[in-house]
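Each chain is listed here by its residues.
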Amino acid sequence: MNIKDKVQMLMKEEAYRPLSKQELVQIFEIGKKDKEIFYDVLKEMEEEGLIYKTKKEKYGVPEKMNMYVGRLSVHPRGFGFLDIGVEGERDIFVPANGLNGAMHGDKVIARKVASETAQSRVEGEVIKIIERGTTEVVGRYEGSKNFGFVVSENKRITADVFIPKKDSMDAKTGHIVVCKITKFPQKGRNPEGKIIEILGKEGEKGVDVL
């Protein structure tokens, strides 16, 4: 059993309460020379969504802290569902105002919140994005004098991508383009990107295949 398995096993015990990294060092009897390696393991586990660090810098597993880890599927109307990958468990409903910059396909941690609608439905709010599922967007370019937007062909990418003029490759309104996301969305702010390929004009023969 490796150290990651041992950490998870400890944190899943009924009696476990979130501990600091210094307290975990004592429990696992980590020597001085191995402390930094152990801290790196905790950081790696946190980045993978295996454990969660609270604001007080104490560690636990998400499922014991009213949190869920999974892939986000966003509906064209703006809300999403979190697939937590547990057979028999319903997906977690995430309202549009609870996405907090997360996009379709992202792996996230969501915190359980009280539902304002149906009492039987589990509702969550994204509190951390572990891994981005979308880095490039294909869509229709809409330009103006100093900037433009790419409207995604994938209706699940609900936010238009802002394109600064310098990153537009001189695309014109109606061009179908591929853009790379350079800044991911934040609450109340669209993602930003740069065009890396112009496929052709909307409706032009062969463009839909490309």
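Please refer to the structure higher up on the page.
Before going into details, it helps to say that this report is about the structure given with it. Each residue is numbered by its place in its chain's sequence as written, counting from 1. With pLDDT at 70 or above as the cut-off, local features in this predicted model cover only qualifying residues; side-chain atom pairs require 80 or more to be listed or tallied, and sums for whole chains, interfaces and linings still use all residues. Only hydrogens and water are set aside; all other atoms, that is, all heavy atoms of the structure, feed into the side-chain values.

### Here we look at the nonpolar core
- Residues enter a nonpolar core if they are buried and are Ala, Val, Leu, Ile, Met, Phe, Trp, Tyr or Cys, with the set joined through side-chain atoms within 4.5 Å. We call a residue buried when its accessible area falls under 20% of the maximum for its residue type, exposed when it is over 50%, and partly exposed in between, using a 1.4 Å probe and counting protein chains only. With 15 residues, the main nonpolar core has Met11, Leu24, Phe38, Leu42 and Ile51 as its most contacted residues.
- Secondary structure elements are taken from DSSP: a helix is a run of H or I of four residues or more, a strand is a run of E of two residues or more, and numbering for both begins at the N terminus. Every element with two or more residues in this core is listed here: helix H1 (3-11), helix H2 (21-27) and helix H3 (35-47).
- Counting residues per element, this core draws most heavily on H3, at 5 residues.
- We call two residues in contact whenever any of their non-hydrogen atoms come within 4.5 Å of each other. Contact partners of Leu42, with chain neighbours within four places excluded, come to Val7, Lys21, Leu24, Ile51 and Tyr59.

### Section: the pattern of salt bridges
- The working definition used for a salt bridge is a side-chain nitrogen of Lys or Arg within 4 Å of a carboxyl oxygen of Asp or Glu. This structure, assessed with the given rule, holds 8 salt bridges.
- Salt-bridge contacts for Lys4 lead to Glu44; the nearest nitrogen and oxygen are separated by 2.6 Å. With Lys4 in helix H1 and Glu44 in helix H3, this pair connects stretches of sequence that are 40 residues apart.
- Among the residues examined, Glu44 registers a relative accessible area of 38% and is labelled partly exposed.
- Arg111 is the partner of Glu125 in a salt bridge, and the nearest nitrogen-oxygen pair spans 3.2 Å. On the criterion of sequence distance, the pair formed by Glu125 in strand E7 (residues 123-131) and Arg111 in strand E6 (residues 107-113) is long-range, its members being 14 residues apart.
- For Arg111, a relative accessible area of 37% puts it in the partly exposed group.
- Because the salt bridges share partners, they merge into one network encompassing Lys4, Glu44 and Glu48.

Shape descriptors only; they carry no functional weight alone.
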